Amino acid sequence: MIEFIHVSKKYGTHSAINDVSFFIDRGEFVTLVGPSGSGKSTLIKLLIAEEKPTGGQIVVAGRDITTLSSRELPFYRRKIGVVFQDYKLLPHKTVAENVAFALEVSDTSGPEVLAKVPEILEMVGLKDKGKSMPDELSGGEQQRVSIARALVHQPKLLIADEPSGNLDPINTWEIIELLFKINKSGTIVLLATHDKEVVDALKKRVITLRDGKIVADQVKGKYVL
Amino acid sequence: MAIIRGLKIGLVDFWRNRWLSLAATFMMTLTIVTMAMFTLLSLSVNQTTKILQEKIDIAVFIKDEATDIQIQGLQNEIGAMPDVKEVRFTSKEEALAQFREASKPRPVIIRLLDLGHGGSIPRSIVIKANDPSSLESIASAINQSQYNVIVTKVSYEESKSSIDRYISMTHFVERAGWVLSGLFILIAVLVIYNTIRLTIFMRKTEIEIMQLVGATGWYIKFPLIFEGVLYGLIAAVLSTVLLFIGVKSASPFITKYIDSNSFDFSHFFIANLSKIIGIELLVSVLVGGFCSYLAIKKHLK
Ligand SMILES: Nc1ncnc2c1ncn2[C@@H]1O[C@H](COP(=O)(O)OP(=O)(O)OP(=O)(O)O)[C@@H](O)[C@H]1O
Ligand SMILES: [Mg+2]
């Protein structure tokens, strides 16, 4: 389903990703680990075509996404949901509007948006926060808004970059549970984190990055540095 | 649906940086008013010139001692010249009648005519050409003709100088119009371009997020294009109002300057109002949209 083939990304002379190859199959739950600066976010940016690699190919569902035209790009992005490390919520829109926004940009009809948004907010446990503004929410809640927005398209691939970054253990687990649930419904989940406890408890496939290179790829992995 | 959304966002953005928006709208208005004003002036001067050119002719006054055969010969010769449209002979009686008609407001002259003092009005041949500019060569051909002996005067020079005045005025008005319009369009384009650029910077994060969640280029660009078009639309409405007021107050002066009783500037404006508004809308919307397009092309990844 997703294949990186000798992918490299250089910022100037600095290699953020260096000759990385891997394959992720349908329905997998993959954690991407590595110390800060090892290239996790960069790899995700390459996967959502926010950045173009300086070398190699990235094939998703049979299509080399490094060759997507600016016309095709939006349609590709609608098939993937991304939970960003910095949430990327719109500060002047309410929680519900932030989620609805992702539907509206893809020409979903008004009634459909009205029906889907509360449903998805309930799923992430924010049923009563629809009218709140993002800055009235805790970090964990904002994180969940970001997840709700990523899910509202019913994507085939959910990418979460450090979703437990600033959260306490309970919140973290709630979010991990949520990701599990989503994975059970058939969505590929790619989770980037450096939370050792989470990774060790998950017992899922772990890809370990260091200095932009894959140093380990284990089926039931542990966080090793 | 998408259009309504675009309109809404465009309006919000307009309001958010309202001072710059106002400047953009103002510049656009100035541009359109200038263009429309000069177009109107140029059209009306053209129109007057045309009316005058219609009227311009050569009158050949004939000596009293000329015979009918000589006159007929002259008439035939003129009729055979290239570009002559019309040759009309006016007899003494007709000339007198015309003079009498023209002098109606002055009873003294009528009285004099009644007393038999009208005998000295000469016969004449009036010539019209297809193209008024060829009258000059017709006039000189008459001067060189063998029938010149029966001619007292070829009246051409007088009418020519007044026509020339109008033509040079038309050219001046047109040139001034082009230069000023060009200058104002340039300024308007710069101001609108910068306003849209500011909007793009203000909404940078929002646009980035829209792109990341899969918004198409058009979805993002439409409100921005509309914002530019909005400046144009508002400017078109404003300038129509301004023009209306301007024309109403300047009309007597202009009509006087153009110096033709067959032409009324303010009527001309009203008669062409729908055309004027149409062109205004077209120009303003195109310029506004074009500026947005440029700003988007330059500043939106
Ligand atoms: N836009 C950029 N320009 C230049 N260098 C960059 C850019 N983005 C990332 N880098 C560099 O690439 C390397 C990898 O960064 P990346 O954000 O992918 O790390 P990360 O694994 O996500 O770290 P963290 O766990 O702190 O989020 C870093 O050394 C970073 O400085
Ligand atoms: Mg990161």
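Residues numbered from 1 in each chain as written. Chains lettered and ligands numbered in written order. Predicted model: local features only at pLDDT ≥ 70, side-chain atom pairs only at ≥ 80, totals over all residues. Heavy atoms only, no water.

Time to look at the overall build of chain B. Looking only at helices and strands, one finds eleven helices and four strands in chain B. A globule of 301 residues ought to have a C-alpha radius of gyration of about 19 Å, yet chain B, at 31 Å, is considerably larger. The principal-axis extent of the C-alpha atoms belonging to chain B is close to 100 × 40 × 30 Å. Scored against the burial criterion, the 301 residues of chain B give a buried share of 43%. Pairs at least 24 residues apart make up 85% of the contacts formed inside chain B by residues separated by at least 6 positions. Where the 30 positive side-chain charges of chain B centre and where its 25 negative ones centre are 14 Å apart. (Helix = DSSP H or I, 4+ residues; strand = E, 2+ residues; numbered from the N terminus. Rg over C-alpha atoms; globule rule 2.2 N^0.38 Å. Buried < 20%, exposed > 50% of the residue type's maximum accessible area, 1.4 Å probe, protein only. Contact = heavy atoms within 4.5 Å. Lys, Arg positive; Asp, Glu negative; His and termini not counted. Charge placed at Lys NZ, Arg CZ, Asp CG, Glu CD.)

Residue and element names in this part refer to chain A. Reading across from one edge, β6-β7-β8-β3-β9-β10 is the order of the six strands in this open sheet, with mixed pairing throughout. Looking along the sheet, the strands with just one partner apiece sit at the ends: β6 (80-83) and β10 (213-218). Strand-to-strand, the axes of this sheet are offset by a mean angle of 15 degrees, without reference to chain direction. In terms of strand pairing, strand β3 (residues 29-33) meets strand β9 (residues 205-210) through four bridges, oriented parallel. Its bridge partner being in β9, leucine 32 is matched across the sheet by isoleucine 207. In the packing of helix α5 (residues 139-151) onto the sheet, the strands contacted are β6 and β7 (157-161), and the crossing angle to β6 comes to about 170 degrees. Sheet contacts for helix α6 (residues 169-184): β3, β7 and β8 (188-193); angle to β8, the most-contacted strand, approximately 155 degrees. (Pairing = 2+ DSSP bridges. Axes fitted to C-alpha atoms, helices over the stretch in contact; angles between N-to-C directions.)

What follows deals with the pattern of salt bridges. Where charged atoms from two side chains of opposite charge come close, those side chains can pair. Residues and elements named next belong to chain A. This model, assessed by the stated rule, comprises 14 salt bridges over all chains. Arginine 144 is the salt-bridge partner of glutamate 174, the closest N and O atoms lying 3.7 Å from each other. Here glutamate 174, found in helix α6, pairs with arginine 144, found in helix α5; they are 30 residues apart in sequence, far enough to count as distant. The class of glutamate 174 is partly exposed, set by a relative accessible area of 39%. Using a relative accessible area of 13% as the deciding quantity, one classes arginine 144 as buried. (Salt bridge = Lys/Arg side-chain N within 4 Å of Asp/Glu carboxyl O.)

Okay, the domain arrangement of chain A next. All names here are of chain A. In terms of domain boundaries, chain A breaks down into domain 1 (1-79 + 157-225) and domain 2 (90-154). For domain 1 versus domain 2, the distance between C-alpha centres works out to 23 Å. Facing twelve residues of domain 1, the contacting portion of domain 2 comprises twelve residues. For the pair domain 1 and domain 2, the summed buried area comes to about 1,000 Å², and 68% of that belongs to carbon and sulfur atoms. It is Arg78, Ile175 and Leu178 that lose the most area in domain 1 upon contact with domain 2, and together they represent 46% of the buried surface on that side. (Domains from an automatic or database assignment. Buried area = accessible area lost by both parts, 1.4 Å probe.)

Our next topic: the coordination of the magnesium ion (ligand 2). Tetrahedral coordination by four donors places them ideally at 109.5 degrees to one another around the metal; octahedral coordination by six donors ideally gives 90 or 180 degrees. Donor atoms from the polypeptide that bind the magnesium ion (ligand 2) are A:Ser41 (OG) and A:Gln85 (OE1), placed at 1.9 to 2.4 Å. Of this pair, A:Ser41 sits in helix α1 (residues 40-47) while A:Gln85 sits in the loop between β6 and α3 (95-104), and the two are 44 residues apart along the sequence. (Donors = N, O, S within 2.8 Å, 3.2 Å for Na, K, Ca; no water.)

Residue and element names in this part refer to chain A. Across its 16 residues, α6 extends 22 Å between first and last C-alpha, which sits within 8% of the 22 Å expected from 1.5 Å per residue. When we look at burial in α6, the residues that qualify are Asn171, Thr172, Ile175, Ile176, Leu178, Leu179, Ile182 and Asn183. Projected onto a plane normal to the axis of α6, the buried residues spread over an arc of 155 degrees and lie on a single side. Of the exposed residues in α6, those oriented more than 90 degrees away from the buried face are Pro169, Ile170, Glu177 and Lys184. (Expected span 1.5 Å × (residues − 1). Arc of directions from axis to C-beta.)

Moving on, we get to the nonpolar core. Grouped together as the largest cluster of nonpolar side chains are 66 residues, with contacts concentrated most on A:Val99, A:Leu158, A:Leu179, B:Ile200 and B:Met210. Apart from residues no more than four positions distant in its own chain, B:Met210 is found in contact with A:Phe101, A:Val105, B:Arg5, B:Arg203, B:Ala215, B:Tyr219 and B:Ile220. Ranked by size, the runner-up nonpolar core spans 32 residues in total, among them A:Val7, A:Leu32, A:Ile58 and A:Ala192. (Core = buried A, V, L, I, M, F, W, Y, C linked by side-chain atoms within 4.5 Å.)

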